[in-house]
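A look at the structure
What follows is the residue order along each chain.
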Amino acid sequence: MTFPLDPTERGPEGLGPPPGVFRFRPRRRRFSPPGGLVRWGTVLVALILLYAVASIAKGIYANWLWFDSVEYTSVYRLRIVTRIWLFFAGSGVFLAYFGSNVLFALRAGSSEPDNSEPAFALADPAAVRRIALVAGIALTLFVAVIFGVQAAGQWDSILLYINSQPFGVQDPAFHKDIGFYVFELPALNFIVGWSLGVAVLTTLAVAALYAFRTLAAGFEITASRWARPHVSLLLVAVIALFIWRYWLGRYALVYSDRGAVFGATYTDIHAQLPVVYALMALAAITAVCVLAGAVRRSSLWLPGGAVAIWVVAAITGGVIYPASFQRFQVEPNELDKERPYIEDNIAATRAAFALDTIDERPFPARASVTNEELVANPQTTTNIRLWDFRPLLQTLNQLQAIRLLYSFLNVDVDRYIIEGQVRQVMLAARELDPGKLPEDRRSWVNRRLEYTHGFGIAMSAVNEVVREGLPEFFVQDIPPTGVIDITQPRIYYGELTDQYVVVGGDSDEFDYPIGTDQQARSRFDGGGGVKIDSFLRRFVFSWELADTNLLISDALGSDSRLLYRRNIHDRVAEIAPFLDYDADPYLVVADDGRLYWMQDAYTSTDRYPYATRSDAGINYIRNSVKIVIDAYDGSVTYYLIDPTDPIARVYDKIYPDLFTPFEQMPDSLRAHIRYPEGLFQIQAEMYRRYHVQDPRVLYNGEDLWDIPTELFYSQEQPVLPYYVIMRLPGEQEEEFILILPLRPGGERKNTVALIAARSDGANYGELIAFRFPTDSLIFGPSQVESRIDQDPVISSQISLWNQSGSQVIRGNMLMIPIGEGTLFVEPIYLQATASSLPELKRVIVVNGSTIAMEPTLDRALNVILGRAAPSGPTTSETPVAPTPGPTATEGETPQPTSSPQPTVVPSDDVGALVQQANESFARAQQLLRQGDFAGYGEEVSRLEGILQRLMELSGDQSQ
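1. Details of the overall build of the protein chain
Within the protein chain, the secondary structure is distributed over 25 helices and 33 strands. By the burial criterion, 50% of the 959 residues in the protein chain qualify as buried. Roughly 44,800 Å² of accessible area belongs to the protein chain as shown, and the carbon and sulfur atoms make up 57% of that amount.

Written out as structure tokens, the structure reads:
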């Protein structure tokens, strides 16, 4: 390899180096990226950015059209404007702070440019500087976008902060209004955290820039003489933000779970809080030391030492000292030290969950209900719910789905005026489920244009049964017929409507089947939906929904409308995502015959000071909003039912066009509002512990309550709250009530209280807790279940049914207060193993020490009161089998059929005994079908003897 001679080092003749000197310089090799590659890269980046912007614009435009279709454009506009404003504000603040500091670092103390060139260069220095400048600007803009997006994501917190309202209650630790913690503190915490991120990133970038310039200058500090004061000032800004963060962080002590209860307790106030103030002081001292180090340029030991002391103090004071204080100062005498804080926790929890509004009343809870009390409460007994929603749902899908595509998803309980009487009913919507289409019929036309809506409802009485053990329908079939007129039965919006559809096309839609090969058809003529009458709209929604058929299909016309977000859960949550929604919306038939969904909505937070959080993670909740959704056109109305709720007031201030006063709800809908089960369960969960108000009792856990259990499908499970129509003790009229019994904690299973939530008229929302006597035993549901299991005839009958090609389903155990006593009612369903059609066959009624199992509730009540003889040889006779056959009508005396009754033949032959058992079982089934209940009972006894002998021979005496 040869190198050209340096022309400045030539010899005397200019032909070479001086004698004996060899000097050479390498040839500079420059590399520049191909211009085409740069251009194509720029084009690619531009296309990506263009696609991203277009995608965002498409989503905004599509949502704008949808919000316009539901007439809540102002809600969406405020949300978008706030997000845009916060994005540019956040990006702008970052660019201003970061950019100004970086620019100062680049320009501060710049020396004369160095025009010398290095020996080796990959590119022209000017090009390198340009590329570095462009890359730096691009990176800065990218980070600014990230900080802007973070700011925009806090739109809800910022709106709450700007529109905050007081609760009118102060926390006991810092004496700040609860509204400060719920509305203001979250936004302030975000602002300080966001600002700290900007400050730290800027400080690191500036320090790195100064370090690079110093290294590039060969460790000569002349080029960056402003580095130390500049970086020091930035560090002081970071420390100032840490001090602000400490100041705000002390309010988090009201959410501490270190002590005996939730909230700031003795250690938090007397150990943790002083540490916070000490750390603030140390941080301020550290800031002074940093400034001093900037002025005195000789050493870094002063700020470095201050930072080290601060870090050690944060670790020691933040973790070790409070833990030691709790262990050695508080725990040895915890109750006395924590007593005032336990009182604060009790008061805050009861207020946050509205437990302080519960009207606690004593209830005598006699062991049995008298005949006079039953006669005096006819509405209660005629509305006792015998149908459990789970078996009934199976029955409806077997009897009322009518065709393959229809399905019932849920069954709800409500009350209606039927023939002049208030009747409790069970109601279900017959929705269309496109997922049931056969695989070869799931075309786009069928799923989007043809099968678009469900049709009608099924409504049945809660306590009436036809002879076959099936529900008595008030409304049934397609088109719906019954005692209630339904003028618009079509259901375009519901709980199963997860797919979008297009209406107003060239052809009519499937309505309902007529006969075996004909169809009734209709066209959607309601409001709502998004018009897709232009190429732009069809293009936007084909992109938004990833469906090119919306763009190219000839079946769509100028009148076509796109119905999407038809699932009522998604629909209401899209409009108001800041609300929590009950899991069980229910369908209502209004007086005008239209179908409406009623959806309960909650305002909640987990930031209520000192209030213990529920299992759902919240410590404040109110049912402030009732939402009504038209099942046909999807129109949504948010009714503000509790304007006293501070959270609801704030959202009403933020969105003045969102809520409608509850007084404007039509009477036909207001008659069907009910206390929501989800809220009731949360309140019952908290009331189990916070029914006590004595700090010592709460601390010791002496009086914890629990939810009782019952048997369902022979499996033990917690009792669910249930709606009943009854007359509360001390009240004059029957009303629609949600109730739940409670039992003591631990192993005891008796009933100690019963909570009731009222739903009618001016009494809506009132909670009553009936406290049972503590000096007498009041049976609980699980104890009554055990008594039923111990009844020999009931137990043997249930065991026999479970072994004879059928399955016994034990329904809800209802504990119903009547007069001054309590009555227990449990339905018994029978379902063949080869079908999903449960039939209600028996009703068990327990009144005090008397148990009756009869075909009807009326007969069971008559038996336990001694007004009628049992149907069989005992009070728990069970004369119904799943196999159809002749049965005696109620009131008739069954005539036994003559049949030989062999006795048990003692034998040690297992095979012979098995044969006798089979023969005995067959005879028992025959006698049951013939109505010979006495002979059936005797045969069952004989079968028990044979089985006992078999167990003796097998050596299994325990069974």
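More follows now that the structure is in view.
2. A few points about the pairing of strand β13 (residues 518-522)
Bridge count between strand β12 (residues 509-514) and β13: 5 bridges; the pairing is antiparallel. By the bridge assignment, Glu509 is partnered in β13 with Ser522. In sequence, β12 turns back onto β13 through a hairpin of 3 residues, with Gly515 there showing a positive phi of about 70 degrees.

3. Focus: the pattern of salt bridges
Considering all chains together, one arrives at 34 salt bridges under this definition. When the shortest N-O distance is used, the salt bridge between Glu820 and Arg366 registers 3.7 Å. With Glu820 in the loop between β30 (814-818) and β31 (821-832) and Arg366 in the loop between β1 (359-362) and α10 (371-376), the pair connects residues that are 454 residues apart, well separated along the chain. The class of Glu820 is partly exposed, set by a relative accessible area of 40%. On the accessibility criterion, Arg366 (29% relative accessible area) is partly exposed. Residue Glu854 is joined to Arg859 by a salt bridge in which the shortest nitrogen-to-oxygen separation is 3.3 Å.

4. Quick notes on the nonpolar core
Formed by 213 residues in total, the largest nonpolar core has its most connected members in Tyr638 and Leu658. Broken down by element, the residue count for this core peaks at 9 residues, all from helix α5 (residues 178-216). Look past the residues within four positions of Leu658 in its chain and what remains in contact with it is Tyr72, Val75, Ile575, Ala576, Phe578 and Tyr638.

5. Considering helix α19 (residues 677-690)
Helix length check: α19 (14 residues) gives 19 Å between terminal C-alpha atoms against 20 Å at 1.5 Å per residue, within 8%. Turning to α19, its buried residues are Leu679, Phe680, Ile682, Gln683, Ala684, Glu685, Met686, Tyr687 and Tyr690.

6. Description of helix α22 (residues 792-801)
If you check which residues of α22 are buried, you get Ile794, Ser796, Gln797, Ile798, Leu800 and Trp801. The opening residue of α22 is Asp791, an N-cap whose side-chain oxygen sits 3.0 Å from the backbone nitrogen of Ile794.

7. Focus on the confidence of the model for the protein chain
Chain-level pLDDT for the protein chain is 85 on average; 86% of the residues reach the 70-or-more range. Low pLDDT, under 50, characterises residues 1-15; the stretch is placed with 22 contacts to residues that sit more than four places away or in other chains.

8. Section: the sheet that holds strand β11 (residues 501-503)
Spatially, the 3 strands line up as an open sheet ordered β11-β15-β14, and their pairing is antiparallel. Each of the sheet's edge strands pairs with one partner strand only, and the pair in question is β11 and β14 (530-531). In this structure, β11 lies alongside strand β15 (residues 561-563), joined through 3 bridges in antiparallel fashion. Each bridged residue has a counterpart across the sheet, and for Val503 the counterpart in β15 is Arg561.

9. Some thoughts on the sheet that holds strand β3 (residues 412-418)
Overall, antiparallel pairing links the 5 strands, which are arranged β3-β4-β7-β8-β9 in an open sheet. Looking at the sheet topology across the chains shown, the edges are occupied by β3 and β9 (481-482). Relative to strand β7 (residues 457-465), strand β4 (residues 421-429) runs antiparallel, the two sharing 5 bridges. Bridge pairing in β7 links Met426 to Ser460.

10. What about the environment of Pro489?
Position of Pro489 relative to the elements: it lies in the loop between β9 and β10 (490-491). Separated by 100 residues in the primary sequence, Pro489 and Val589 have C-alpha atoms spaced 9.6 Å apart. The contact partners of Pro489, leaving out residues within four places of it in the chain, are Gly454, Phe455, Gly456, Pro480 and Leu595.

11. Some remarks on the environment of Glu544
Following the sequence through the fold, Glu544 ends up in helix α14 (residues 535-544). Between the alpha carbons of Glu544 and Gly59 there is a distance of 6.8 Å; along the sequence they are 485 residues apart. Each residue touching Glu544, except ones within four places of it in the same chain, is listed here: Lys58, Gly59 and Ala62. Polar side-chain contacts of Glu544 include one of 3.0 Å to the side chain of Lys58.

12. Focus: the pairing of strand β33 (residues 850-854)
In terms of residue burial, β33 counts as a mostly covered element, since 4 of its 5 residues are buried. Pairing geometry for strand β32 (residues 839-847) and β33, over 5 bridges, is antiparallel. Within β33, the position partnered with Ile844 by the bridge is Met853. Where β32 hands over to β33, the hairpin turn is made up of 2 residues, of which Gly848 adopts a positive phi near 65 degrees.

13. Details of a nonpolar patch on the surface
A cluster of nonpolar side chains, contributed by Val307, Val311, Ile315, Val319 and Ile320, occupies part of the molecular surface with about 430 Å² of accessible area. Relative to the helices and strands, Val319 is located in helix α8 (residues 301-330). Its relative accessible area of 55% is what places Val319 among the exposed residues.

14. Quick word on unusual backbone geometry
That bond from Ile478 to Pro479 is cis: its omega, -10 degrees, falls within 30 degrees of zero. As for its placement among the helices and strands, Pro479 is situated in the loop between β8 (471-476) and β9. For Tyr610, which is not glycine, the phi dihedral falls at a positive 70 degrees. Mapped onto the fold, Tyr610 is located in the loop between β18 (595-605) and β19 (620-630).

15. A few points about the packing of aromatic side chains
For any pair of aromatic rings, the description rests on two quantities: the centre-to-centre distance and the angle between the ring planes. Applying the stated rule across the entire model yields 40 aromatic pairs. With a centroid separation of 4.9 Å and 70 degrees between ring planes, the pair formed by Tyr492 and Phe524 is classed as edge-to-face. Here the residue Tyr492 occupies a position in the loop between β10 and β11, and Phe524 occupies one in the loop between β13 and β14, the gap between them amounting to 32 residues. Tyr492 sits in the buried class, given a relative accessible area of 0%. One aromatic cluster is present, formed by Trp64, Trp66, Phe67, Tyr76, Phe541 and Tyr564 through successive ring pairs. Over the aromatic face of Trp543 sits the side chain of Lys58, whose NZ or CZ is 5.1 Å from the ring centroid.

16. Considering the packing of helix α2 (residues 73-107) against helix α6 (residues 227-249)
Where α2 contacts α6, the two axes come as close as 11 Å, and the packing angle between them is 160 degrees. Relative to α6, α2 is oriented roughly antiparallel. Viewed along their axes, α2 and α6 form a crossing whose handedness is left-handed. Only His230, Leu234 and Ala237 of α6 make contact with α2, whose side of the interface consists of Tyr97, Asn101, Phe104 and Ala105. Each residue belonging to the contact of α2 with α6 can be placed in one class, and the counts come to 5 nonpolar, 2 polar and no charged.

17. Section: the environment of Glu685
Tracing the sequence through the fold places Glu685 in helix α19. Accessibility expressed as a relative area gives 19% for Glu685, which makes it buried. Remark: the alpha-carbon pair of Glu685 and Trp705, spanning 20 residues in sequence, is separated by 9.2 Å. Among all residues touching Glu685, those that are not within four sequence positions of it are Ser614 and Asp615.

Here is what the cut-offs are and how they apply
Residues numbered from 1 in each chain as written. Predicted model: local features only at pLDDT ≥ 70, side-chain atom pairs only at ≥ 80, totals over all residues. Heavy atoms only, no water. Helix = DSSP H or I, 4+ residues; strand = E, 2+ residues; numbered from the N terminus. Buried < 20%, exposed > 50% of the residue type's maximum accessible area, 1.4 Å probe, protein only. Areas by Shrake-Rupley, 256 points an atom, 1.4 Å probe, with all protein chains shown as cover. Pairing = 2+ DSSP bridges. Salt bridge = Lys/Arg side-chain N within 4 Å of Asp/Glu carboxyl O. Core = buried A, V, L, I, M, F, W, Y, C linked by side-chain atoms within 4.5 Å. Contact = heavy atoms within 4.5 Å. Expected span 1.5 Å × (residues − 1). Polar contact = N/O pair within 3.5 Å; in protein donor to acceptor, adjacent residues only side chain to side chain. pLDDT = per-residue confidence, 0-100. Patch = residues over 30% accessible without salt bridge, like charges linked within 9 Å, V, L, I, M, F, W, Y side chains within 5 Å. Phe/Tyr/Trp six-rings, centres within 6.5 Å; stacked < 30°, edge-to-face > 60°. Lys NZ or Arg CZ within 6 Å of the ring centre and 35° of its normal. Axes fitted to C-alpha atoms, helices over the stretch in contact; angles between N-to-C directions. Parallel < 35°, antiparallel > 145°, perpendicular 65-115°, else oblique. Left-handed = near helix turned anticlockwise from the far one by under 90°. Nonpolar A, V, L, I, M, F, W, Y, C, P; charged D, E, K, R; others polar.

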